[in-house]
Amino acid sequence: MTLILSRSALSKVQASIVIVVILVGAALAMYGYSVSNKPAKARLIVSTTTSLYETGFLDELKSKFELKYPNMNVSFISQGTGLAIQTAMRSDADMILVHDPASESQFLTGGYGVNRKILAYNFFVVVGPSEDPAGIKGKSPSDAFKAIRSAGLDGTAIWVSRGDNSGTYSKEKSLWKGIGLDVKDLRKEVWYLEAGSTMTATLKLANEKRAYTLTDIGTYLLNFNNHNIDLVELVEAGKSMLNVYSAIADNPKNANMTRANFEGSMQFIRYLVSDEGQQLFADFGTSKYGMPLFKPYVKLLQSQSDPTLIQWISDLAFFEGSECPQQFRYQAEDLYSIPPAVPVLVMSMLTEVEQRKAPAWIRSSKA
Amino acid sequence: MDPIIEGIIRAIDLILTGDPEVLSIAALSLYVSVAGTLLACAWSIPVAVALALRSFHGRRIVKGLFNALIGVPTVALGLYLYLLLSRAGPLGYFQLLYTPYAIIIGQSVLVTPIVVSFATGALESVDSDLRTLARTLGASDIQTYQVVIREAFWGVVLAIVAAFNRAFAELGVAMMLGGNIRNLTRVLTTAISLETARGEIALSIALSFILLSIVMSLSVAINLARKSTR
């Protein structure tokens, strides 16, 4: 009986082993095939802020870039700006695309990044219920934040904060700081809620609570158009609401970053600031939202159509008077020369800008 | 339209039209979870046999440990493995992070306690008289195990299926180790998470129905197979 039992048991066990081996073999073969199908591609890992990714812009960027450079394979890791920078600091990403000048500066000065380039900009907006209990519509950002706080303390308004380490949260903190308030104290007050989540999740929470929140315009329009939220834009534009997106490559001189793909990063950054890359920014979202979600910065510089805005961006997102001070550049001086293809008419204005920048460069390189 | 109804319609549409992106996401999901589960079985089933059929010091403690580990949060496990596989981590040399391999490794670790605990339970529930009988009829250790495994076959299969379901439906490991990279490491759960974050609620619901339908068809298939063999 044992013999019979064990023989049939053996066959079942053997059968299972055979199935397992076949499945594992098939799985490995599948993967091997899929890898061998894309040979000799240089992998570029970009850790990036959620607002750029969730709008779908980066998927489009990837397909256009890979069409032009078929030997490149770009992977985007979509995280909040804080985590995106952490990922790059561990060298798990080859470069970053983020929107928080303060942490970008730390990334550069910490020796983690080189060759920062400002790519695009748009504005943060304060959104809230159309009833607008705090009466902030049309107010300046600082007046609006004051009004929200006093209405909050009266119990008539609620504020929802991202409450994470995102660039948006960083901006929110600086806006509260602008009216002399510290988020550390605000978070103890009952009208101040923290979502601790993505921008879309924060917007949905604010929508449920009929609360105010700060959002980048792209994520807001996306959710408003999808009918996920019916919050309305109440405070927009203004220098303090500027949102500036930059790219920084991992520093190849950093001993922990020797595995990072520096050449690939630079190729990608050059593409982003090229006419073609900038046009992608200019075109994305225009048909759906009537305006580009991310406005191209290099194009703005070239056209010189709005000197005030250029000045605002310099004030907010330049370090030591430059988008990337001399000591943080590496084998990419050409990136920081005057952009090519500038119409002759605006050349004089450009030289003015360069003159304004020049003393700061000298100062920074001496320092 | 009600997002749930819209989601169902969208799911059916995506499946019927064979949307290539959705199909490749579902295929990758299946591939990593099957591979992860099988990898886990390679070491978990021998461990379960040892725990169920051998007596040694600390057996209860080990069993209790595996039982407790079933509840490990996927994000926490994802974080530990992320630190291991990171370029700056001890296994950084292999550059596995943000590849399907990383998800397979992560999911195999994740489901190990499930396979071990459930399979141990199934093997222990086999009547001990059968073992004694096999022994008295002159069976060797290995032969005895074969007898017991055969008796507990469907219990072990169910342990494996439970492990697969956990791997297939988990988000934390796939997100932290895979990075949700389109066409490379985007699986169903990370796609659902992304589309929810993007505010594409109907698409999220559609993807979740695809996930559920795969899980359910598997469990129906297993049940049918089980019935037909009895």
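**Let's talk about the overall build of chain B**
Item 1. Secondary structure assignment for chain B yields 11 helices and 0 strands.
Item 2. Along chain B, helices and strands appear, N-terminal first, in the series α-α-α-α-α-α-α-α-α-α-α.

**Comments concerning the overall build of chain A**
Item 1. Helix and strand counts for chain A stand at 16 helices and 10 strands.
Item 2. Of all 367 residues assigned to chain A, the portion counted as buried reaches 43%.
Item 3. Here the contacts in chain A between residues at least 6 apart in sequence split such that 74% fall between residues at least 24 apart.

**Examining the confidence of the model for chain B**
Residues and elements named next belong to chain B.
Item 1. This prediction gives chain B a mean pLDDT of 90; 99% of its residues lie at or above 70.
Item 2. When the elements of chain B are averaged for pLDDT, helix H1 (residues 3–16) gives the smallest value, 83, and helix H5 (residues 100–124) the largest, 96.
Item 3. Across the assembled chains, the prediction reports ipTM 0.76 with pTM 0.79.

**Some details on helix H11 (residues 201–229) of chain B**
Item 1. The terminal C-alpha atoms of H11 of chain B, which comprises 29 residues, lie 42 Å apart, in line with the 42 Å expected from a rise of 1.5 Å per residue.
Item 2. Listing the buried residues of H11 of chain B in full gives Ile 201, Ala 202, Leu 203, Ser 204, Ile 205, Ala 206, Leu 207, Ile 210 and Leu 211 of chain B.

**Some thoughts on the confidence of the model for chain A**
All names here are of chain A.
Item 1. Averaged over every residue, the pLDDT of chain A is 84; residues scoring 70 or more account for 81%.
Item 2. Overall, residues 1–10 carries pLDDT values under 50, and its contacts beyond four positions in sequence, including any with other chains, amount to 18 contacts.
Item 3. Note on residues 340–345: pLDDT under 50 across the span, and 4 contacts to partners over four residues away in sequence or across chains.

**So, the pairing of strand S1 (residues 42–49) of chain A**
Residue and element names in this part refer to chain A.
Item 1. Along S1, 6 of the 8 residues are buried, which leaves the element largely enclosed by surrounding structure.
Item 2. Here 8 bridges tie S1 to strand S2 (residues 72–79), and the two strands are oriented parallel to one another. Along S2, the bridge assignment pairs Thr 48 with Ser 78.
Item 3. Note: S1 against strand S3 (residues 95–98), 3 bridges, orientation parallel. From the neighbouring strand, Val 46 faces S3, where its bridge partner is Met 95.

**Thoughts on the domain arrangement of chain A**
Residues and elements named next belong to chain A.
Item 1. Partitioning chain A into domains gives domain 1 (42–122 + 242–366) and domain 2 (124–241).
Item 2. Opposite the 22 residues of domain 1 that make contact, domain 2 presents 19 residues.
Item 3. If you list the elements that add at least two residues to the side of domain 1 that touches domain 2, you get helix H2 (50–54), helix H4 (81–89), helix H5 (101–109), strand S9 (242–250) and helix H13 (286–289).
Item 4. Among the residues making up the side of domain 1 that touches domain 2, the classes are represented as 8 nonpolar, 11 polar and 3 charged.

**Section: the nonpolar core**
Item 1. Among the nonpolar cores identified, the biggest contains 159 residues, and Ile 148 of chain A together with Val 115, Ala 119 and Leu 177 of chain B are the most heavily contacted of them.
Item 2. With 15 residues, the single largest contributor to this core is helix H2 (residues 20–53) of chain B.

**What to know about the packing of H2 of chain B against helix H8 (residues 153–169) of chain B**
For any two helices packed against each other, one specifies the crossing angle of their axes together with the interaxial distance.
All names here are of chain B.
Item 1. In contact at an axis separation of 9 Å, H2 and H8 are set at 135 degrees when each is read in the N-to-C sense. With respect to H8, the axis of H2 lies oblique. Relative to H8, the crossing made by H2 is right-handed. Every residue of H8 that contacts H2 at Ser 29, Ser 33, Val 34, Gly 36, Thr 37, Ala 40, Cys 41 and Ile 45 is listed here: Val 156, Ile 160, Ala 163, Phe 164, Ala 167 and Phe 168.
Item 2. Grouping the constituent residues of the contact of H2 with H8 by class yields 10 nonpolar, 4 polar and no charged.

**Some points on the environment of Ile 45 of chain A**
Item 1. Along the polypeptide, Ile 45 of chain A turns up in strand S1.
Item 2. Here the alpha-carbon distance between Ile 45 of chain A and Asn 73 of chain A, two residues 28 residues apart in the chain, equals 8.5 Å.
Item 3. Not counting chain neighbours up to four residues away, the residues in contact with Ile 45 of chain A comprise Ser 75, Ile 77, Asp 92, Ala 93 and Asp 94 of chain A together with Tyr 98 of chain B.

**Observations regarding H2 of chain B**
Item 1. Helix length check: H2 of chain B (34 residues) gives 48 Å between terminal C-alpha atoms against 50 Å at 1.5 Å per residue, within 8%.
Item 2. When the local axis directions of H2 of chain B are compared, the greatest deviation, roughly 35 degrees, occurs at Ala 42 of chain B, which is followed within four positions by the proline Pro 46 of chain B.

**Topic: the packing of helix H10 (residues 188–197) of chain B against H11 of chain B**
All names here are of chain B.
Item 1. Packing of H10 against H11 leaves a shortest axis separation of 8 Å and a crossing angle of 165 degrees. Relative to H11, the element H10 is oriented roughly antiparallel. Considering only the axes of H10 and H11, their crossing is left-handed. Residues Leu 188, Ala 191, Ile 192, Glu 195 and Thr 196 of H10 form the contact with H11, whose own contacting residues are Ile 201, Leu 203, Ser 204, Leu 207, Ser 208, Ile 210 and Leu 211.
Item 2. Of the residues belonging to the contact of H10 with H11, the class tally is 8 nonpolar, 3 polar and 1 charged.

**Structural notes on unusual backbone geometry**
Item 1. One non-glycine residue, Asp 132 of chain A, lies in positive phi territory at about 50 degrees.
Item 2. Looking at where Asp 132 of chain A falls in the secondary structure, it is placed in the loop between strand S4 (113–128) and helix H6 (141–154).
Item 3. Using a count of 16 C-beta atoms within 10 Å as the deciding quantity, one classes Asp 132 of chain A as partly exposed.
Item 4. A positive phi angle, close to 65 degrees, is found at Tyr 98 of chain B, a residue other than glycine.
Item 5. Its place among the elements puts Tyr 98 of chain B in the loop between helix H4 (74–85) and H5.

**Points about the environment of Ser 305 of chain A**
All names here are of chain A.
Item 1. Mapping Ser 305 onto the fold places it in the loop between helix H14 (297–303) and helix H15 (307–317).
Item 2. The class for Ser 305 is exposed, based on 12 C-beta atoms found within 10 Å.
Item 3. Spatially, the C-alpha atom of Ser 305 lies 24 Å from that of Lys 288, the residues being 17 residues apart in sequence.

How each quantity is defined
Residues numbered from 1 in each chain as written. Chains lettered and ligands numbered in written order. Predicted model: local features only at pLDDT ≥ 70, side-chain atom pairs only at ≥ 80, totals over all residues. Helix = DSSP H or I, 4+ residues; strand = E, 2+ residues; numbered from the N terminus. Buried ≥ 20, exposed ≤ 12 C-beta atoms within 10 Å, placed from the backbone. Contact = placed C-beta atoms within 7 Å. pLDDT = per-residue confidence, 0-100. Expected span 1.5 Å × (residues − 1). Pairing = 2+ DSSP bridges. Domains from an automatic or database assignment. Nonpolar A, V, L, I, M, F, W, Y, C, P; charged D, E, K, R; others polar. Core = buried A, V, L, I, M, F, W, Y, C linked by C-beta atoms within 7 Å. Axes fitted to C-alpha atoms, helices over the stretch in contact; angles between N-to-C directions. Parallel < 35°, antiparallel > 145°, perpendicular 65-115°, else oblique. Left-handed = near helix turned anticlockwise from the far one by under 90°. Bend = angle between axes of the 7 residues up to and from the residue.

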